[in-house]
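Take a look at the letters that make up each chain.
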4 protein chains.
Amino acid sequence: MTTRTLRFAVLGAGRIGRIHAGNLAHRIPGAQLTALCDVIPENLAAAAAGLAVPKTFSDYREVLRDPEVDAVVICTPTNTHSQVILDAAAAGKQIFCEKPIDLSIGKIQAINEEVRRRGVRLMVGFNRRFDPTFEKVRELVAAGKVGEPHILRITSRDPGPPPEEYIRASGGIFLDMTIHDFDMARYLLASEVTEVYARAAVLVDPAIGKAGDWDTAVVTLSFANGALGAIDNSRKAAYGYDQRVEVFGSAGMAAARNQTPDTHVYCDGAGIHSAQPLHFFLERYAESYLREMRAFVDAVTRQRPVPVDGNDGLMAVAIAVAAAQSVAERRPVKLTEVYPRSVPCPAV
Amino acid sequence: MTTRTLRFAVLGAGRIGRIHAGNLAHRIPGAQLTALCDVIPENLAAAAAGLAVPKTFSDYREVLRDPEVDAVVICTPTNTHSQVILDAAAAGKQIFCEKPIDLSIGKIQAINEEVRRRGVRLMVGFNRRFDPTFEKVRELVAAGKVGEPHILRITSRDPGPPPEEYIRASGGIFLDMTIHDFDMARYLLASEVTEVYARAAVLVDPAIGKAGDWDTAVVTLSFANGALGAIDNSRKAAYGYDQRVEVFGSAGMAAARNQTPDTHVYCDGAGIHSAQPLHFFLERYAESYLREMRAFVDAVTRQRPVPVDGNDGLMAVAIAVAAAQSVAERRPVKLTEVYPRSVPCPAV
Amino acid sequence: MTTRTLRFAVLGAGRIGRIHAGNLAHRIPGAQLTALCDVIPENLAAAAAGLAVPKTFSDYREVLRDPEVDAVVICTPTNTHSQVILDAAAAGKQIFCEKPIDLSIGKIQAINEEVRRRGVRLMVGFNRRFDPTFEKVRELVAAGKVGEPHILRITSRDPGPPPEEYIRASGGIFLDMTIHDFDMARYLLASEVTEVYARAAVLVDPAIGKAGDWDTAVVTLSFANGALGAIDNSRKAAYGYDQRVEVFGSAGMAAARNQTPDTHVYCDGAGIHSAQPLHFFLERYAESYLREMRAFVDAVTRQRPVPVDGNDGLMAVAIAVAAAQSVAERRPVKLTEVYPRSVPCPAV
Amino acid sequence: MTTRTLRFAVLGAGRIGRIHAGNLAHRIPGAQLTALCDVIPENLAAAAAGLAVPKTFSDYREVLRDPEVDAVVICTPTNTHSQVILDAAAAGKQIFCEKPIDLSIGKIQAINEEVRRRGVRLMVGFNRRFDPTFEKVRELVAAGKVGEPHILRITSRDPGPPPEEYIRASGGIFLDMTIHDFDMARYLLASEVTEVYARAAVLVDPAIGKAGDWDTAVVTLSFANGALGAIDNSRKAAYGYDQRVEVFGSAGMAAARNQTPDTHVYCDGAGIHSAQPLHFFLERYAESYLREMRAFVDAVTRQRPVPVDGNDGLMAVAIAVAAAQSVAERRPVKLTEVYPRSVPCPAV
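About the thresholds
- Residues numbered from 1 in each chain as written.
- Chains lettered and ligands numbered in written order.
- Predicted model: local features only at pLDDT ≥ 70, side-chain atom pairs only at ≥ 80, totals over all residues.
- Heavy atoms only, no water.
- Helix = DSSP H or I, 4+ residues; strand = E, 2+ residues; numbered from the N terminus.
- Rg over C-alpha atoms; globule rule 2.2 N^0.38 Å.
- Buried < 20%, exposed > 50% of the residue type's maximum accessible area, 1.4 Å probe, protein only.
- Contact = heavy atoms within 4.5 Å.
- Areas by Shrake-Rupley, 256 points an atom, 1.4 Å probe, with all protein chains shown as cover.
- Lys, Arg positive; Asp, Glu negative; His and termini not counted.
- Charge placed at Lys NZ, Arg CZ, Asp CG, Glu CD.
- Least-squares fit on C-alpha atoms with pLDDT ≥ 70 in both.
- Buried area = accessible area lost by both parts, 1.4 Å probe.
- Salt bridge = Lys/Arg side-chain N within 4 Å of Asp/Glu carboxyl O.
- Polar contact = N/O pair within 3.5 Å; in protein donor to acceptor, adjacent residues only side chain to side chain.
- Nonpolar A, V, L, I, M, F, W, Y, C, P; charged D, E, K, R; others polar.
- Pairing = 2+ DSSP bridges.
- Axes fitted to C-alpha atoms, helices over the stretch in contact; angles between N-to-C directions.
- Phe/Tyr/Trp six-rings, centres within 6.5 Å; stacked < 30°, edge-to-face > 60°.
- Arc of directions from axis to C-beta.
- pLDDT = per-residue confidence, 0-100.

We now examine the overall build of chain A. Counting its regular elements, chain A contains 13 helices and 15 strands. The C-alpha radius of gyration of chain A comes to 20 Å, within 12% of the 20 Å expected for a compact globule of 348 residues. Considering only C-alpha atoms, chain A reaches an extent of 55 × 55 × 45 Å along its principal axes. Taking all 348 residues of chain A together, 61% fall into the buried category. Of the contacts made within chain A by residues no fewer than 6 positions apart, 70% connect residues no fewer than 24 positions apart. With the model as given, the accessible surface of chain A reaches about 12800 Å², and the carbon-plus-sulfur share is 51%. Of the charged side chains in chain A, 39 are positive and 40 negative; the average position of the first set lies 3 Å away from that of the second.

What follows concerns the relation of the copies chain D and chain C. When chain D is fitted to chain C, the residual RMSD is 0.0 Å, and the transformation amounts to a turn of 180 degrees plus an axial shift of 0.0 Å. What we have between these two chains is a two-fold relation. Relative to the rotation axis, the closest C-alpha in chain D is found at Arg-331 of chain D, a distance of 2.9 Å.

Listed as interface residues are 43 residues of chain A and, on the opposing side, 43 residues of chain B. Buried area between chain A and chain B, summed over both chains or domains, comes out near 3300 Å², and the portion from carbon and sulfur atoms is 60%. Taken together, the connections running from chain A to chain B amount to eight salt bridges. The closest approach of N and O atoms between Arg-330 of chain A and Glu-195 of chain B, which form a salt bridge, is 3.1 Å. Counting across the chain A and chain B interface gives 19 residue pairs in polar contact (both at pLDDT 80 or more). Looking at the side of chain A that touches chain B, the elements with two or more residues in it are strand E7 (149-157), strand E8 (193-201), strand E9 (216-223), strand E10 (228-234), strand E11 (242-249) and strand E12 (252-256) of chain A. Class assignment of the residues belonging to the side of chain A that touches chain B gives a composition of 20 nonpolar, eleven polar and twelve charged.

What links the strands of a sheet is backbone hydrogen bonding, and the strands pair in either a parallel or an antiparallel sense. Residue and element names in this part refer to chain C. Within the open sheet, the six strands sit side by side as E3-E2-E1-E4-E5-E6. Their pairing is parallel. Only two strands of the sheet have a single neighbouring strand rather than two, namely strand E3 (55-57) and strand E6 (122-124). Neighbour to neighbour, the strand axes of the sheet diverge by 25 degrees on average, direction disregarded. Examined bridge by bridge, strand E4 (residues 71-74) and strand E5 (residues 94-97) share four bridges and lie parallel to one another. Residue Val-72 lies in a different strand from E5, and its bridge partner there is Ile-95. The strands touched by helix H4 (residues 81-90) within the sheet are strand E1 (6-11), E4, E5 and E6, with E5 carrying the most contacts at an inclination of about 165 degrees. Sheet strands touched by helix H11 (residues 286-301): E1, strand E2 (31-37), E4, E5 and E6. Its angle to E5, the strand with the most contacts, is close to 160 degrees.

Glancing now at the relation of the copies chain A and chain B. Overlaying chain A with chain B gives an RMSD of 0.0 Å, the required rotation being 180 degrees about an axis along which the chain moves by 0.0 Å. Most of the interface of chain A is mirrored in chain B, where 100% of its interface residues are also at the interface.

This part takes up the interface of chain D and chain C. Taken together, the contact pairs 43 residues of chain D with 43 residues of chain C. Here chain D and chain C share an interface that buries about 3300 Å² over both sides, 60% of which is from carbon and sulfur atoms. Run the count over chain D and chain C and you get eight salt bridges. Measuring nitrogen to oxygen at the nearest pair gives 2.8 Å for the salt bridge that ties Glu-246 of chain D to Arg-244 of chain C. Our count for the contact surface shared by chain D and chain C stands at 19 residue pairs in polar contact (both at pLDDT 80 or more). Taken together, the elements giving at least two residues each to the side of chain D that touches chain C come down to strand E7 (149-157), strand E8 (193-201), strand E9 (216-223), strand E10 (228-234), strand E11 (242-249) and strand E12 (252-256) of chain D. Of the residues that constitute the side of chain D that touches chain C, the class distribution is 20 nonpolar, eleven polar and twelve charged.

Residues and elements named next belong to chain B. Within the secondary structure, Asp-70 is located in the loop between helix H3 (60-65) and strand E4 (71-74). Residue classification places Asp-70 among the buried residues on the basis of a relative accessible area of 10%. In this structure the side chain of Asp-70 is engaged in a polar contact, spanning 2.8 Å, whose partner is the backbone nitrogen of Arg-7. Setting aside its immediate chain neighbours within four residues, Asp-70 contacts Arg-4, Thr-5, Leu-6, Arg-7, Lys-93 and Gln-94.

Attention now goes to the environment of Val-218 of chain C. In this structure, Val-218 of chain C sits in strand E9 (residues 216-223). Accessibility expressed as a relative area gives 1% for Val-218 of chain C, which makes it buried. In sequence terms Val-218 of chain C and Thr-155 of chain C are 63 residues apart; their C-alpha atoms lie 9.5 Å from each other. Apart from residues no more than four positions distant in its own chain, Val-218 of chain C is found in contact with Tyr-197, Ala-198, Arg-199, Ile-231 and Asp-232 of chain C together with Thr-220, Leu-228, Gly-229 and Ala-230 of chain D.

Another point: the packing of aromatic side chains. Scanning the model with the defined rule gives 30 aromatic pairs over all chains in all. On the basis of an interplanar angle of 70 degrees and a centroid distance of 5.7 Å, the ring pair of Phe-96 of chain A and Phe-296 of chain A is categorised as edge-to-face. Here Phe-96 of chain A is found in strand E5 (residues 94-97), whereas its partner Phe-296 of chain A is found in helix H11 (residues 286-301), with 200 residues between them in sequence. For the pair Phe-96 of chain A and Phe-296 of chain A, a shared accessibility class is recorded, and that class is buried. Each ring, one from Phe-280 of chain D and one from Phe-281 of chain D, has its centre 4.9 Å from the other, and the planes form 80 degrees; the classification is edge-to-face. By relative accessible area, Phe-280 of chain D is classed as buried at 18%. The buried category is assigned to Phe-281 of chain D, whose relative accessible area is 13%. Members of the aromatic cluster, joined through ring pairs, are Phe-134, Tyr-241, Phe-280, Phe-281 and Tyr-285 of chain A.

Of the consecutive residues Lys-99 of chain A and Pro-100 of chain A, the connecting peptide bond is found in the cis state with omega at -10 degrees. Position of Pro-100 of chain A relative to the elements: it lies in the loop between E5 and helix H5 (105-118). Even without glycine at this site, Ala-190 of chain B takes up a positive phi of about 50 degrees. Following the sequence through the fold, Ala-190 of chain B ends up in the loop between helix H8 (173-189) and strand E8 (193-201).

Our next topic: helix H2 (residues 41-48) of chain C. Residues and elements named next belong to chain C. Where H2 is concerned, the buried positions are Leu-44, Ala-47 and Ala-48. End-on view of H2: buried residues confined to an arc of 95 degrees, all on one side of the axis. On its buried face, H2 sits against helix H1 (15-26), E2 and E3.

Detailed reading of the predicted coordinates is not advisable wherever pLDDT falls low. Scored by pLDDT, chain A has a mean of 95; 98% of the residues are at 70 or more. Our summary of model confidence lists the complex with pTM equal to 0.96 and ipTM equal to 0.95.

Turning our eyes to something else, we now look at the pairing of E9 of chain C. Residues and elements named next belong to chain C. With respect to burial, E9 is a largely interior element, eight of its eight residues being buried. A two-sided burial pattern is seen for E9, the buried positions comprising Thr-216, Val-218, Thr-220 and Ser-222 on one face and Ala-217, Val-219, Leu-221 and Phe-223 on the other. Here strand E8 (residues 193-201) runs beside E9; their pairing, made up of eight bridges, is antiparallel. Each residue of the ladder has a partner; that of Ala-200, found in E9, is Ala-217.

This next bit is on the pattern of salt bridges. Enumeration over the complete set of coordinates arrives at 112 salt bridges over all chains. The salt bridge partner of Glu-246 of chain D is Arg-157 of chain C, with a shortest N-O separation of 2.9 Å. Of the two residues, Glu-246 of chain D sits in strand E11 while Arg-157 of chain C sits in strand E7 (residues 149-157), which places them in two different chains. Each member of the pair Glu-246 of chain D and Arg-157 of chain C is classed as buried. A salt bridge links Asp-242 of chain D to Arg-157 of chain D; the shortest N-O distance between them is 3.3 Å. With a gap of 85 residues between them, Asp-242 of chain D in strand E11 and Arg-157 of chain D in strand E7 connect regions that are remote in the sequence.

Take a look at the structure:
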């Protein structure tokens, strides 16, 4: 049997949808872009232009009925994810869904079960795992180069906050932004988070506080393997998108530094100057978006497990929920409190 | 009136005592080394050799009676600090004391009051404040270059743990090791810590756990100005002494990278290689020890306030005590719980 | 009048030809890949696969007769460039030609004249000018940030030598490899080279010497604006592709550091380790190949001068010829000796 | 027999003399500062203050008659070096002389012979060899870590030119400034220079040209082992003292980066900013001055060869003389032309 080309429909033609559509159109061996779908005609038209996509739809249910679509990439608003996944699974489509699957732990559990029952694959879009530098750090950790992991540090700061309306629908900083760091933490250490303590503040913009959210956070994580973690977040770094991780262990440390658009250095009487980090996630993670979709295509066509599955999607949400609860209640929160089936804290 | 040379006695001829004695002997304008004191004759002889110090003593009380001694540098074991300070103050000597003043907040308060009453100066040896790089970071923060501080990060990892007997007498990792970071936090942000959450673990050596201490810690700090802080500590970094800080604010970030014994780069088929950090505090902070003593001499001879006073000594201990309590009780601890006169947490 | 899409034929489907074809197929607005041509059927088939190119040819003269081809990209062997350019110009095609135009200064002069007469554009593939980092250095120089340029340094070292047969047909290290640095020198300083002194050696592989070439070189350049330059080359750097430049002037310095596939750092007991440079030109200059073709399309469609023209192609060859003569005669060679119409040396 | 303390007289109490005197006074085991000598009373008084030097002299010949002086450090003007060395050798003193020994190759040969005849040691002050970073590069080369050396690069740029009167007496840029790089070249490669090609220009200040000197230079070196070298110099780098070397060979590269007064990083909307290099040689090479004198004391007291001897002093001058001749005659100059006893160029 020969592996055949996987025919994709991208659902949601916003910023992320266009990235996936562009990659699927030309740059992913074994995949082709067959359809694009968006409820907003202008979005659809703007995205379709230049992609030469054969079919466009305004209703995703029509896409799911199309036998020429093998797989869907769900880039619709978060509050639609669960229904679209369930429908796509019922239609037998392979599913790639942007993070988060849903904001409710219970719903995600139900979705994961249904997907399993339907026998389709569900991959969650934690694209940063596919960034070459983070992957290198993970490889060094997995190869034992840092020894037993003791301390994880993640700094994750955006160049600027999203619009207030985005904030209101986002589920809050932990479910929207830190969720990437929670997944990164699990990925880098290959160990489950057992307890979370989070402190958050509104320091960037009072409007974010009025919207019921925070813009600055520091989170302490405890891991099942005994390691400790510290994450810090800000919605606004004046010098650009700051994305650093470090895993410190008994034998050494592996870290990821920021990346820059160029490597120039300028020296004058005031000092030594070099470029700011790459502007934001579209630039910083362009390669990771491409590589994650290649990994999905590869997993589906070779009938292997996807590298980021529904359980990964669930755990990151569970940690985020615990973090939000920790801030609200000003105390450390055990993961089992929000998701009883998670790994219990080790006795101390 | 001409400023005259300040005549020093160094009390305690161990590792730190010898550093201060060596600096006072030759390298500090306006100071001279007049006496050295240690209860262990071998220590005293070893330290005196090569310093050409005029007088040696085995009992510090004799030193305090010597009218040719203007100032004392207290490098004796921590549990003797309070008595020596009180005696030195009674004798009218100017006092420089290694950190911590004492492990008890109440005792430090009493000492500070007594020192004030006696009209002598007490400076506490938080030498890292005098490191040129940390001083530069502080200057950038003070000059408003980072804007309003939002996040403080400190990574402080030793190359290897001290002997078990040292651990047992140390007061624990927070009072012995993290105390430097607590002082650094207050110094860099110029704002008081209001709440502490600490997680600690024994990951480096079970013997440290048996001694009742921790070797790995992650600490979250809340500051009166609204900023949040994250500190991580380890007693053993395979790659050497890791001493980094970063202050992130509304307008930018100021950070201190590690320092190395040389700036070579070696490139081969395996990658790009450069030197490990300077080995340990004697190397990393050699300059800061010299500069702090110059600052003390300067403050005393010009009759100005010392740059690190008894209150600084007290606050760092209070934060450390709160951190230890936080670990024990698995909850965030307000500074006012351990030191009621500290700045209260802002209402949120 | 609306700008229409420029229809391209790529002539020569080797390594570079495939890069240009791939870029033209999907990634360059205003361009489309219409035809591919190679005399070796396997090359042609391998390159055409996956590009969905409408037409393939084995004889470039047929391509030139095709009215649906507006522009050609010449990636055939160097010794065919001059004839293909002349034929393409006669056919009225816009021309992009890989470097060098030819190894003979006289022939290049004739070609440039003919191209001018025919009224088509000829751009030469000095792709490195379009690397974002070198472009940034050029911008800093052009903006006066380094003041008057005084010293130019270029280090250019390959990860490994090409096959011996390639060496034999290459025209020698200066016309094959250093030619890029000579063009970079003119680009960065925007001043003509007036004199060259070159020293070369066979240190990497005696086979290169047997083939009549050198594998290691150090070149001193004198510029019309008074600046001095130093270039060093090697055919084999154990640590990978080393591509650095620096322009030093009265007000400062602008430099380009190497680029790496990732930004990880690994620290252990042996030191601090990071990634080697990007492997070779295909990786290091992937972006510059794309950007140079965009610039060509832009120049043609907007009817503007191409950014690297026939004179640039000629000058780089003239400097290379002077360098080879300098090595042979063990003396500095003036550019006017090999190309009398070049800028004369200033009187000293 | 026990090694006894070496009693030193420093001749010449200018900038360098005071550095050596300060080091000898306190910081060099096995040495003591016994006498200081300068013809200018103010110089002498200024230098003696704070050093507690037992004896001061205005005439070096009196110093040489003092039986309590074992060794002299010659920091007098260059044109007096040869006479002082000859007199000191005649008096049986051990000799440390600042570079250059003399500007005449013939005179240096005669001095070296006389010193050998008298049986005293003569060490020349090429202090940079004792810089920890350059020493590390040398160690890597000596250990074979770069394989066979192919290319040497040295960048050496001062923060600003010396006064015009200094320039006039200096012997020119090659004998005054590049001489350090010539010695560094021989030290790093452990191979003799066989041929020199130098290009020089007046780009920094026309007054330097009027004084008959150059302020900018690029030098190509050929070595007996086949390696090639490129040195660039400037009398004025706007960003400070730029001191870098790199040795590239068959197995890798070892390089020395600049050193900075601190390791802070400041990030804002304009980029990433760090400190300029250490200001000038007094700061950059403070440690090397100390370590070279320790090496001299060590060699004399253990009766071992000095690490930088009269032949090293001679060879650096010979290369400088060849460089000056190369500029004047606009051609490469063989070392044997200026110093017939040097290693001949290998036949090519």
